[in-house]
Amino acid sequence: MRKNYFIIALLAVALGLTSCGEYNKLLKSTDYEYKYESAKSYFAKGQYNRAATLLNELIAILKGTDKAEESLYMLGMCYYNEQDYQTAAQTFIQYYQVYPRGMYAELARFHAGKSLYLDTPEPRLDQTSTYKAIEELQLFMEYYPQSGKHQEAQQMIFELQDKLVMKEYQSAKLYYNLGNYRGNNYQSCVITAQNALKDYPYTNLREDLSILILRAKYELAVYSVIERKRERYREAVDEYYAFKNEFPESKYMKEADRIFERSQNALGEGEGVADEEETE
């Protein structure tokens, strides 16, 4: 049995060396038709690195032919399948710019957006690429409203928007946690959360953003100067009613009710109660 395994291993090595030798000869060849067919063969076998090396050379040589167009699209798919999404996106964008009505224009636009989608970072990091991915996918949907990939593109946009909302939520929450440290962070929390709700009204984080606004408005009242306390407690009460109307079964309702009760007490019993809140 060991002898058989040894023979099989030797055959595999021999085939590998033969394959490498053939590939090296192919790289030096000036038979571009053969290179083109070989590139397609490597692509079909999933040998994307080899295919990409050949295609990069062929795109310039075959310029002006249908083969150059197909080579450019295949090159994008090589990078895509190798998970080099940035380079894939650049290649697909190059394709539809050079061939706006090309055979693969619809797929190139879709995969440009999807490549950028797959390359977006986690919410706490810079989201410039997320905005770019949304832009590409929206352009795809505008150019091809009847595409079979329309729904998938729309779902990716929703997910990317959720990522942007999550970043805003994390920022608003950070402002809230900072409290009065080096400035009025509660006001910044309210503004950030409200802008997120305005920009993305259908977000899954709507309830979380809304309770954050209510918390921050209450804290604004607690720590306000005497002249502003009653006004801001009223704003907290108004925010409570808005929250309760929209989320009557909210997981935060008990907390919201406590904020409402304290705000009402402060309004009903004068500034003394409000001052006591500051020392809690």
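Keep in mind it's a predicted model, so treat the numbers as computed, not measured. (Residues numbered from 1 in each chain as written. Predicted model: local features only at pLDDT ≥ 70, side-chain atom pairs only at ≥ 80, totals over all residues. Heavy atoms only, no water.)

1. With respect to the overall build of the protein
Per the secondary structure count, the protein includes 13 helices and 0 strands. Beginning at the N terminus, the succession of helices and strands in the protein can be written as α-α-α-α-α-α-α-α-α-α-α-α-α. Of the contacts made within the protein by residues no fewer than 6 positions apart, 55% connect residues no fewer than 24 positions apart. Working note: accessible area of the protein is about 16300 Å², and carbon and sulfur atoms make up 51% of it. (Helix = DSSP H or I, 4+ residues; strand = E, 2+ residues; numbered from the N terminus. Contact = heavy atoms within 4.5 Å. Areas by Shrake-Rupley, 256 points an atom, 1.4 Å probe, with all protein chains shown as cover.)

2. Points about the layout of surface pockets
Considering only enclosed or pocket space, the largest pocket measures out at about 210 Å³ in volume. Lining the largest pocket are 11 residues, with Glu 22, Tyr 34, Ser 38, Tyr 42 and Lys 45 sitting closest to its centre. For the lining of the largest pocket, the per-class residue count stands at 4 nonpolar, 4 polar and 3 charged. (1 Å grid on protein atoms, 1.4 Å probe; cavity = no way out; pocket = protein on both sides within 12 Å on 5 of 7 lines; lining within 4 Å. Points joined across faces, edges and corners; volume = space filled by probe spheres on them. Nonpolar A, V, L, I, M, F, W, Y, C, P; charged D, E, K, R; others polar.)

3. Description of the packing of helix α9 (residues 185–199) against helix α10 (residues 206–222)
Taken N-terminus to C-terminus, the directions of α9 and α10 make an angle of 155°; their axes are 9 Å apart at the nearest point. Here α9 lies roughly antiparallel to α10, going by the angle between them. Here α9 runs over α10; the crossing is left-handed. Contacts between α9 and α10 involve Tyr 186, Gln 187, Cys 189, Val 190, Ala 193, Gln 194, Ala 196 and Leu 197 from the former and Arg 206, Leu 209, Ser 210, Leu 212, Ile 213, Ala 216, Lys 217, Glu 219 and Leu 220 from the latter. Considering only residue class, the contact of α9 with α10 consists of 11 nonpolar, 3 polar and 3 charged. (Axes fitted to C-alpha atoms, helices over the stretch in contact; angles between N-to-C directions. Parallel < 35°, antiparallel > 145°, perpendicular 65-115°, else oblique. Left-handed = near helix turned anticlockwise from the far one by under 90°.)

4. With respect to the pattern of salt bridges
Proximity of charged atoms lets side chains of opposite charge pair with each other. Within the structure shown, the criterion is met by 11 salt bridges. Salt-bridge contacts for Lys 40 lead to Glu 70; the nearest nitrogen and oxygen are separated by 3.9 Å. Residue Lys 40 is found in helix α2 (residues 32–44), and its partner Glu 70 is found in helix α4 (residues 66–81); the two are separated by 30 residues along the sequence. Lys 40 sits in the partly exposed class, given a relative accessible area of 30%. The salt bridge partner of Arg 228 is Glu 231, with a shortest N-O separation of 3.0 Å. Of this pair, Arg 228 and Glu 231 both sit in helix α11 (residues 226–246), 3 residues apart, roughly one helical turn. Residue classification places Arg 228 among the partly exposed residues on the basis of a relative accessible area of 33%. On the basis of relative accessible area, Glu 231 is assigned to the partly exposed category, the value being 34%. (Salt bridge = Lys/Arg side-chain N within 4 Å of Asp/Glu carboxyl O. Buried < 20%, exposed > 50% of the residue type's maximum accessible area, 1.4 Å probe, protein only.)

5. Re the nonpolar core
Membership of the largest hydrophobic core comes to 64 residues, with the highest contact counts inside it found for Leu 55, Tyr 73, Phe 92, Tyr 95 and Leu 209. Discounting residues that sit within four places of it in the chain, Tyr 73 has contacts with Phe 92, Tyr 95, Tyr 104, Leu 107, Ala 108 and His 111. Val 237, Phe 243, Met 253 and Ala 256 belong to the second-largest nonpolar core, a separate cluster that totals 18 residues. (Core = buried A, V, L, I, M, F, W, Y, C linked by side-chain atoms within 4.5 Å.)

6. Section: the confidence of the model for the protein
Scored by pLDDT, the protein has a mean of 89; 89% of the residues are at 70 or more. In the predicted structure, residues 1–18 sits below a pLDDT of 50 and forms 0 contacts with residues beyond four places in sequence or in another chain. Here residues 270–280 is modelled with pLDDT under 50, and outside its nearest four sequence neighbours on either side it reaches 22 contacts, counting other chains as well. (pLDDT = per-residue confidence, 0-100.)

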